[in-house]
Amino acid sequence: MSEEKTEEKPESPADDLVTTQHSIVVKGRELNYTATTGRIVLKEEVLKDGVFEGHKPKAEVFVTTYTLDGADPLKRPVTFAFNGGPGSASVWLHMGLLGPRRVLSGDVGDLTAPPYGIADNEESLLAESDLVFIDPVSTGYSRAAQGERPGSYHGYQPDIESIAEIVRLWTSRNGRWMSPKFLCGESYGTLRAAGLAEHLQKKYGMYLNGLMLISSVLDFATLEFNEGHDLAYTLFLPTYAAIANYHGLHGDRPLKEVLAEAEEFAVRDYPYALARGNRLSDVERAATIEKLARLTGLSEEYVDAVDLRIEHIRFFTELLRRDRKTVGRIDARFTGWDTDYGREGISADPSIDAILGPYSAVLNHYLHAELGYSSDLPYEVLARVIDQWSYKEFEGRHVTTAGKLSAAMRANPHLKVHVAFGWYDGATPYFAAEHLIAHLQIPKELTANIESAYYPAGHMMYVHEPSRIQQSEDLAAFVRNSSGT
């Protein structure tokens, strides 16, 4: 008689969190804190023919958390932080600005050589708030569960839902529903944060105290250079002027003076000139060309050749072409070399090249050597998912969460918003974010809930040491003033 063979079911994944104890001195105050890092299993309720069949593992999401020992959970704020991309892990905010340890990468003209360095972050936001860093699925060590499709998380709505579930789980498991709560996002993470704030309110009734939007983009229409759509050309202009000023193309003119001129032109005469098309007179066109060339540092011949419309990647390629240099998109203070100087677009971003190595090396060292987390998976700092990202919820219209932020603020009039801008950020220009904020659908009295901070740096403004120190102080003050305790 033969024995019946039973098929073995794959072992269900489990959280693999590791906890360690640490201390740091911030402004003369010793902080004892607990670090917890590892993957949290996301599950979904499974219904078949209307019958509940249990909770099925869908993904394993990597988080790193820091909680102050002995703090009152009713008064102690907690900040959930993530970067953007889409496809970026949280390493930048974690190790560059907010966390208790930070990367020593150097800056423009004085970059640190490999193997780089790590140090205590004496300006860490941990002095004011517990911290939860979240790596979306396919970034960091986060992955889809066995048998699941990673691509099912590579889109606007599933990304919002998965991050919201991590926020809910962490809050519930740690007894923090009564704590002041904040979201901190950078770049695409700001679009995520705005959508997440509204989703948390509607789905779970979780109302937040504040949003920290760093290098903000809430509406892609402000950034996209599409045929027949001229808005982005005008909104990028002040950033082009700032970059030209940084690279010495305005002589000794102060930046503030240059920006004032560029902003006035960007909201008045420039949109008019673009809207006129071939109805623009020769005199008006010549005046527009002269003004654009002077503000951007480009030649009049180039401005004329591109029909008054300066696309940003072409700008970074053209600005210092005569010097055989390219300019960074993420941080235009950085310059680099290219394969040839007849190109229309840079082959690589010199600012990303400058900081990717330090952040990757330090994060991998830190998680293993100091936080005790081991994994044979590669830590995906920048996962290649951006070209696969789905925006099906916005089919036929541009991607925006401005309306969701407006709705969240109207429903929760205590919600405060901090927006951080880098003058030399060529990815999410400050004037585009200002334009968006000015068009939020909120009553006038709620505009006082929004504060802005500007820094003489790029997209990751904390790479610039004076900006990092000032930004740390600004965020700490925002959390203190918005906690409502």
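Keep in mind the model is a prediction, meaning the values are calculated, not measured.

Caption draft 1: Geometry of the overall build of the protein. Counting its regular elements, the protein contains 13 helices and 16 strands. By the compact-globule yardstick of 23 Å for 485 residues, the protein fits well, its C-alpha radius of gyration being 24 Å. Relative to its full complement of 485 residues, the protein shows a buried share of 57%. The long-range fraction of contacts in the protein, counting pairs at least 24 apart against all pairs at least 6 apart in sequence, stands at 71%. Of the accessible surface of the protein, which amounts to about 21,600 Å², a share of 48% is contributed by carbon and sulfur atoms. Here the protein contributes 48 positive and 68 negative side-chain charges, whose respective centroids are spaced 4 Å apart.

Caption draft 2: Fine view of the pattern of salt bridges. Taken as a whole and assessed by the stated rule, the structure comprises 31 salt bridges. Its salt-bridge partner being Asp-120, residue Arg-101 comes within 3.1 Å of it at the nearest N-O pair. Taken together, the positions of Arg-101 in strand S5 (residues 101–104) and Asp-120 in strand S8 (residues 117–120) put the pair 19 residues apart, joining distant regions of the chain. You can call Arg-101 buried: its relative accessible area is 16%. The residue Arg-253 makes a salt bridge to Glu-261 at a minimum N-O spacing of 2.9 Å. Taking relative accessible area as the criterion, Glu-261 reaches 16% and is therefore assigned buried. Connected through shared salt-bridge partners, Arg-253, Glu-257, Glu-261, Glu-290, Lys-291 and Arg-294 make up one network.

Caption draft 3: Quick look at unusual backbone geometry. Cis geometry marks the peptide bond from Gly-85 to Pro-86; its omega dihedral reads -5°. Mapping Pro-86 onto the fold places it in the loop between strand S4 (78–82) and helix H1 (91–98). The linkage connecting Pro-114 with the following residue, Pro-115, adopts the cis geometry, with an omega of 10°. For Pro-115, the position within the fold is in the loop between strand S7 (110–111) and S8. Of note, Ser-187 is a non-glycine position whose phi angle comes to about 60°, a positive value. As for its placement among the helices and strands, Ser-187 is situated in strand S11 (residues 181–187). On the accessibility criterion, Ser-187 (15% relative accessible area) is buried.

Caption draft 4: Up close: the packing of aromatic side chains. As enumerated under the stated definition, the model contains 25 aromatic pairs in all. Plain terms: the ring middles of Phe-80 and Trp-170 are 5.7 Å apart, the flat faces sit at 85° to each other, and that makes the pair edge-to-face. Of this pair, Phe-80 sits in strand S4 while Trp-170 is found in helix H2 (residues 156–173), placing the two residues 90 residues apart along the sequence. The pair Phe-80 / Trp-170 is uniform in exposure class, with both members buried. Note on Phe-236 and Tyr-240: the rings are 5.9 Å apart at their centroids and 40° apart in plane angle, and the pair reads as tilted. With Phe-236 and Tyr-240 both in helix H4 (residues 231–246), this residue pair falls 4 residues apart, about one helical turn. Taken together, Phe-225, Tyr-233, Phe-236, Tyr-240, Phe-315 and Phe-316 form an aromatic cluster joined through their ring pairs. Just above the ring of Tyr-204 sits the side chain of Arg-168; from NZ or CZ to the centre is 5.8 Å.

Caption draft 5: How the structure looks around the side chain of Ser-375. Inspection of the secondary structure assignment puts Ser-375 in the loop between helix H10 (350–370) and helix H11 (402–411). Within polar-contact distance, the side chain of Ser-375 engages the backbone nitrogen of Leu-377 at 3.1 Å.

Caption draft 6: Structural detail: the domain arrangement of the protein. By domain assignment, the protein separates into domain 1 (16–221 + 355–483) and domain 2 (225–348). The straight-line distance from the C-alpha centre of domain 1 to that of domain 2 is 32 Å. Across the domain 1/domain 2 interface, buried area totals approximately 2,000 Å², and carbon plus sulfur atoms make up 68% of it. Across the pair Asp-107 and Arg-333 runs a salt bridge, and its minimum N-O distance is 3.0 Å.

Caption draft 7: Local environment of the layout of surface pockets. In this model, the largest pocket occupies a volume close to 1,200 Å³. Lining of the largest pocket is provided by 37 residues; of these, Gly-85, Arg-329, Ile-330, Leu-382 and Ile-386 occupy positions nearest its centre. Elements that contribute at least two residues to the lining of the largest pocket include exactly S11, helix H9 (312–318) and H10. When residues in the lining of the largest pocket are grouped by element, the largest group, 3 residues, is from H10. When residues are assigned to domains, the lining of the largest pocket turns out to be shared by domain 1 (16–221 + 355–483) and domain 2 (225–348), each giving three or more. Looking at the lining of the second largest pocket, the elements with two or more residues in it are strand S2 (29–48), strand S3 (51–68), H2 and helix H3 (188–204).

Caption draft 8: Local environment of the packing of helix H5 (residues 255–267) against helix H6 (residues 269–276). Between H5 and H6, the least distance of the axes is 3 Å, while the angle of their chain directions is 35°. Residue-level inspection shows Glu-264, Phe-265, Ala-266 and Val-267 of H5 in contact with H6, the latter providing Asp-269, Tyr-270 and Pro-271. Among the residues forming the contact of H5 with H6, the class breakdown is 5 nonpolar, no polar and 2 charged.

Caption draft 9: View of H1. Of all 8 residues in H1, 8 are buried, a share of seventy percent or more. Among all positions in H1, only Val-91, Trp-92, Leu-93, His-94, Met-95, Gly-96, Leu-97 and Leu-98 are buried.

Caption draft 10: Broad picture of the environment of Asp-425. Counting through the fold element by element, Asp-425 comes out in the loop between strand S15 (416–422) and helix H12 (430–438). Sequence spacing of Asp-425 and Asp-376 is 49 residues, and the spatial spacing of their C-alpha atoms is 35 Å. Those residues in contact with Asp-425, other than ones at most four positions away along the chain, are Ser-215, Thr-239, Arg-329, Ile-330, Ala-457, Gly-458 and His-459. Looking at Asp-425, its side chain comes within polar contact range of the main-chain nitrogen of Ala-427, at 2.8 Å.

Conventions we followed
Numbering of residues starts from 1 in each chain and follows the order in which that chain's sequence is written. Only residues with pLDDT of 70 or above have their local features reported here, since the model is predicted, and side-chain atom pairs are shown and tallied only from 80 upward, although totals for entire chains, interfaces and linings are computed over all residues. The basis for every side-chain value is the complete set of non-hydrogen atoms in the structure, without hydrogens or water. Here a strand is any run of E in DSSP of at least two residues, a helix any run of H or I of at least four, and the numbering for each starts at the N terminus. C-alpha atoms define the radius of gyration, and 2.2 Å times the number of residues to the power 0.38 defines the globule rule. Between buried and exposed lies partly exposed: a residue is buried under 20% and exposed over 50% of the maximum accessible area for its type, with that area taken using a 1.4 Å probe on protein chains only. Residue contacts follow a heavy-atom distance rule, with two residues in contact if any of their heavy atoms lie within 4.5 Å. Every accessible area reported is derived by Shrake-Rupley at a probe size of 1.4 Å, with residue values counting cover from the shown protein chains alone. Working convention for charge: Lys and Arg count positive, Asp and Glu count negative, and His plus the chain ends are omitted. Taken as the charge location is NZ of Lys, CZ of Arg, CG of Asp or CD of Glu. Salt bridges are counted wherever a side-chain nitrogen of Lys or Arg sits within 4 Å of a carboxyl oxygen of Asp or Glu. Side-chain rings of Phe, Tyr and Trp, where Trp is taken by its six-membered ring, are said to pair if the distance between their centres is within 6.5 Å; with planes under 30 degrees apart they count as stacked, over 60 as edge-to-face, and otherwise as tilted. The criterion is that NZ of a Lys, or CZ of an Arg, lies within 6 Å of the ring centre and within 35 degrees of the ring normal, and then a charge sits over that ring. Between N or O atoms, a polar contact is any pair within 3.5 Å; within protein, one atom must be a potential hydrogen donor and the other a potential acceptor, and residues adjacent in sequence are included only when both atoms are from side chains. What fixes the domain bounds is an automatic or database domain assignment. The quantity reported as buried area is the accessible area (1.4 Å probe) lost by two parts once they are put together, taken as the sum for both. Each cavity reported here is a set of points on a 1 Å grid over the protein atoms alone in which a 1.4 Å probe fits but cannot get out, each pocket an open set with protein on both sides within 12 Å along at least five of seven lines, and each lining residue one with an atom within 4 Å of a point. Grid points are joined across faces, edges and corners, and a volume is the space filled by probe spheres set on the points. For helices, the axis comes from a line fit to the C-alpha atoms of the stretch in contact; other axes are also lines fit to C-alpha atoms, and the angle between any two N-to-C directions lies between 0 and 180 degrees. Throughout, the ten residues Ala, Val, Leu, Ile, Met, Phe, Trp, Tyr, Cys and Pro are labelled nonpolar, Asp, Glu, Lys and Arg are labelled charged, and all others, Gly among them, are labelled polar.

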